[in-house]
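# What the coordinates show
Chain by chain, the residues run as shown.
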Amino acid sequence: QVQLVESGGGLVQAGGSLGLSCTASGRGFMINAMGWYRQAPGKQRELVAAIAAGGNTDYVDSVKDRFTISRDSTKNTVYLQMNSLKSEDTAVYYCKMGIVILVPFRKYDGWGQGTQVTVSS
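Here is a short report on the structure shown in this document. Worth saying up front: this structure is predicted, and the values here are computed from it rather than measured. Going along each chain's sequence as written, the residues are numbered from 1 onward. Residues qualify for local features only when their pLDDT is at least 70, as the model is predicted, and side-chain atom pairs are given and counted only at 80 or more; totals for whole chains, interfaces and linings, by contrast, use all residues. Water and hydrogen atoms play no part in the side-chain values, which are based on all heavy atoms of the structure.

To continue, consider the side chain of R38. Elements are defined by DSSP. Helices are runs of H or I of four residues or more, strands are runs of E of two residues or more, and each kind is numbered from the N terminus. Within the secondary structure, R38 sits in strand β4 (residues 29-39). Overall, R38 belongs to the buried group, its relative accessible area being 6%. Two N or O atoms form a polar contact when they lie within 3.5 Å of each other; inside protein one atom must be a possible hydrogen donor and the other a possible acceptor, and for residues adjacent in sequence the pair counts only when both atoms belong to side chains. Only 3.0 Å separates the side chain of R38 from the side chain of D89, close enough to count as a polar contact. Reaching out from R38, the side chain makes a polar contact with the side chain of Y93 at a distance of 3.0 Å. Burial classes follow relative accessibility: with a 1.4 Å probe on protein chains only, a residue under 20% of its type's maximum area counts as buried, one over 50% as exposed, and anything between as partly exposed.

Dropping the structure here:
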């Protein structure tokens, strides 16, 4: 079983910065796409940013030019650098990875445990 563990997050004032990371661990696996989602109270979970295995990135419009997603495939880790944070960025942030188990072969989406990001205005 592949486990995803997130770190980072916390409380920051509006205009500040935070960084998140998420690392996958286990044996006999590969990672395809990686991404960050968030869920605010009373709202649906939404995709914030994604990065393909080749490095192409995509962002929800509300975070473009403020957030940066990156990955270190050698460490099975995805990062999210969040700058110029706004109160509306307050949410629980989850990482998601496309996991490929080599033997026996199968694919599935793995999720991190979630980490709270709170932006005070």
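Our next topic: the environment of W111. Mapped onto the elements of the fold, W111 is located in strand β10 (residues 106-111). A sequence separation of 15 residues divides W111 from K96, and the C-alpha atoms of the two residues are 4.6 Å apart. Note on contacts: a residue pair is in contact if any heavy atoms of the two residues lie within 4.5 Å. When neighbours within four sequence positions are excluded, W111 is seen to be in contact with L4, Y37, R45, Y94, C95 and K96.

The definition used for a disulfide is geometric: two cysteine sulfur atoms within 2.5 Å. Considering all chains together, one arrives at one disulfide under this definition. A sulfur-sulfur separation of 2.0 Å characterises the disulfide bridge that pairs C22 with C95. Of note, the bridge from C22 to C95 carries an S-S torsion of about 40 degrees and is right-handed in sense. Of this pair, C22 sits in strand β3 (residues 18-25) while C95 sits in strand β9 (residues 91-101); the two residues are 73 residues apart in sequence, bridging distant segments of the chain.

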